[in-house]
Amino acid sequence: MSLPRLKDAFRLVPNSEIPTYDEEFLMVKLSTMTSVTPDWTLDQIIDGMQKYGYTGLEPRSSWGHAVGLELDTPAADRDAARAKIEGAGLSVSCVATGCRFATEDPAELDGYIDEANKAIDLAADLGGPYVRTFGGARGKGELRGIINRTADAYKRVVDHAQERRVTVLMETHDEWCNSAHVRTVVETVNHPNLGILWDFMHTQRMGERSEETMGVIGSLTKYLHAHDGRYVDGGRKLETVGLGEGELDHATPVKLLNDAGFDGFFSVEVIHKPGSD
């Protein structure tokens, strides 16, 4: 198990005419989620990041990764981890959660709100600027009502995020892969501490061209997720493969964002279970 190299994320889609993009001129920075190497200690991750050119680390909370950066990590351990990461010339880029803000059940939503606030504190203590969240299952009703309900949930955490100088991100993911729907939630909340995490795979799965998505959410995008896939069984299934081995286009959206001045993180989200090779 090792970290993918940056250039592996920008290989061409087969038979594509998209030009290769020289990483020497990229403003986009490379990050890795701890799910890429779930059994590695913080020291091992730092060594791997330095070896392969990563500058950002994205801890995935609540998954029991060996790095040990969790919502209940003691303050002293947070301080020590931050000092070690920043001492190596690296930084925490984001804290990833599984919070779902479109959740209809009030008690379940309260749990996600509590989790998100704890993740905001963890990110702030580690020097991280972002917390990743999902919309999740939408439930029933008209889209406008669903968006309003989801926006109301985000309004419960953004003030705390502002106090801790952290921005909450809603990812293009699950039932929120349509970029216009995510944009509408963010615009409805209308708060400087809510932005968008653009996951290239999911918008492309919905048939969106990267140029179209860029026009919809480019100005609100704060962070990027990357993984790759290949369609099998006549397109009935999208099989996860290594970065650069699939059909997804990473080069075009990265170039569009880079040309627009985006200098945030492009984070590799490859999910391995603890104990896997």
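Note that the coordinates shown come from a computational prediction; the quantities given were computed from them, not determined experimentally. (Residues numbered from 1 in each chain as written. Predicted model: local features only at pLDDT ≥ 70, side-chain atom pairs only at ≥ 80, totals over all residues. Heavy atoms only, no water.)

For the overall build of the protein, give the residues involved together with the corresponding values.
A count of helices and strands for the protein gives nine helices and 11 strands. Radius of gyration (C-alpha) of the protein: 18 Å, near the 19 Å computed for a compact globule of 277 residues. Reported as C-alpha extents along the three principal axes, the dimensions of the protein are approximately 50 × 45 × 35 Å. Among the 277 residues that make up the protein, the fraction classed as buried is 53%. Residue pairs in contact within the protein that sit at least 24 positions apart in sequence constitute 77% of those at least 6 positions apart. Accessible area for the protein stands at about 12300 Å²; split by element, carbon and sulfur atoms hold 47% of it. One way to put it: in the protein the 29 positive side-chain charges average out to a point 2 Å from where the 44 negative ones average out. (Helix = DSSP H or I, 4+ residues; strand = E, 2+ residues; numbered from the N terminus. Rg over C-alpha atoms; globule rule 2.2 N^0.38 Å. Buried < 20%, exposed > 50% of the residue type's maximum accessible area, 1.4 Å probe, protein only. Contact = heavy atoms within 4.5 Å. Areas by Shrake-Rupley, 256 points an atom, 1.4 Å probe, with all protein chains shown as cover. Lys, Arg positive; Asp, Glu negative; His and termini not counted. Charge placed at Lys NZ, Arg CZ, Asp CG, Glu CD.)

Pulling in residues and values, what's your account of helix H3 (residues 106-126)?
With 21 residues, H3 extends 30 Å between its outermost C-alpha atoms, agreeing within 8% with the 30 Å of an ideal straight helix rising 1.5 Å per residue. The set of residues buried in H3 consists of Leu-109, Tyr-112, Ile-113, Glu-115, Ala-116, Asn-117, Ala-119, Ile-120, Leu-122, Ala-123, Ala-124 and Leu-126. Measuring from the side-chain oxygen of the N-cap residue of H3 to the backbone nitrogen of Ala-107 gives 3.3 Å; that N-cap residue is Asp-105. (Expected span 1.5 Å × (residues − 1). Polar contact = N/O pair within 3.5 Å; in protein donor to acceptor, adjacent residues only side chain to side chain.)

Report on the confidence of the model for the protein, specifying residues and quantitative values.
The predicted model of the protein has a mean per-residue pLDDT of 91, with 90% of residues at 70 or higher. Taken together, the stretch residues 9-21 has pLDDT below 50 and engages in 25 contacts with residues farther than four places along the chain or on a different chain. (pLDDT = per-residue confidence, 0-100.)

Describe the packing of helix H6 (residues 179-189) against helix H8 (residues 210-217), with residues and values.
At their nearest, the axes of H6 and H8 sit 9 Å apart, and the two run at 10 degrees to each other. With respect to H8, the axis of H6 lies roughly parallel. Across the interface between the two elements, Ser-179, Ala-180 and Arg-183 from H6 touch Thr-213, Val-216 and Ile-217 from H8. (Axes fitted to C-alpha atoms, helices over the stretch in contact; angles between N-to-C directions. Parallel < 35°, antiparallel > 145°, perpendicular 65-115°, else oblique.)

Can you lay out the sheet that holds strand S6 (residues 167-171) for me, pointing to particular residues and giving the numbers?
Pairing is parallel in the open sheet, where nine strands are placed in the order S3-S2-S1-S11-S8-S7-S6-S5-S4. The open sheet has two edge strands, strand S3 (91-92) and strand S4 (95-100), and neither has a second partner. Sheet topology note: the strand S8 (residues 221-226)/strand S11 (residues 265-268) ladder contains three bridges and is parallel. Bridge assignment links His-225 to a residue of S11, and that residue is Ser-267. The strands that H6 touches are S6 and strand S7 (194-199); relative to S7, the one it contacts most, it runs at about 170 degrees. (Pairing = 2+ DSSP bridges.)

Please set out the packing of aromatic side chains residue by residue, giving values where relevant.
Under the criterion given, the structure shown has five aromatic pairs. Ring centres 5.0 Å apart and planes at 85 degrees place the aromatic pair Trp-198 and Phe-200 in the edge-to-face group. Phe-200 shares its class with Trp-198; the two are buried. Of the aromatic side chains, those joined through ring pairs into one cluster are Tyr-130, Tyr-223 and Phe-265. Cation over ring: Lys-29 sits above Phe-265, and NZ or CZ is 4.9 Å from the ring centre. Over the ring of Trp-176 we find Arg-138; its NZ or CZ atom is 4.5 Å from the centre of that ring. (Phe/Tyr/Trp six-rings, centres within 6.5 Å; stacked < 30°, edge-to-face > 60°. Lys NZ or Arg CZ within 6 Å of the ring centre and 35° of its normal.)

Provide a residue-level description of the state of the cysteines, including the pertinent values.
Taken as a whole, this structure holds zero disulfides when the rule is applied. Distance from the sulfur of Cys-99, which forms no disulfide, to the nearest cysteine sulfur (Cys-94) is 11 Å. (Disulfide = S-S within 2.5 Å.)

Residue-level account of the side chain of Thr-213, with values.
Take Thr-213: it is sitting in helix H8. Looking at Thr-213, the relative accessible area reads 0%, which means it is buried. The residues touching Thr-213, leaving out its near neighbours within four places in the chain, are Ser-179, Trp-198, Thr-203, Glu-208 and Gly-218.

I'd like a rundown of the pairing of strand S9 (residues 228-232), residues and numbers included.
In the sheet, S9 pairs with strand S10 (residues 237-241) via five bridges, with the strands oriented antiparallel. Each residue of the ladder has a partner; that of Gly-229, found in S10, is Thr-240. Counted between consecutive antiparallel strands, the loop separating S9 from S10 contains four residues, among which Asp-233 sits at a positive phi close to 55 degrees.

Describe the environment of Val-67, and please don't skip the residues or the numbers.
Considering the arrangement of structural elements, one finds Val-67 in the loop between strand S2 (56-58) and helix H2 (75-87). With a relative accessible area of 12%, Val-67 lands in the buried category. Separated by 25 residues in the primary sequence, Val-67 and Leu-42 place their C-alpha atoms 4.9 Å from one another. Dropping the residues within four chain positions of it, Val-67 is found in contact with Thr-34, Trp-40, Leu-42 and Ile-45.

Residues and numbers for the pairing of S4, please.
Where burial is concerned, most of S4 is hidden: five out of the six residues are buried. With three bridges joining them, S4 and strand S5 (residues 130-134) adopt parallel strand pairing. Across the sheet, Arg-100 pairs through a bridge with Phe-134, a residue of S5. What joins S4 to S5 is H3, and the crossover it makes is right-handed. (Right-handed = clockwise from strand over helix to strand, strands pointing away.)

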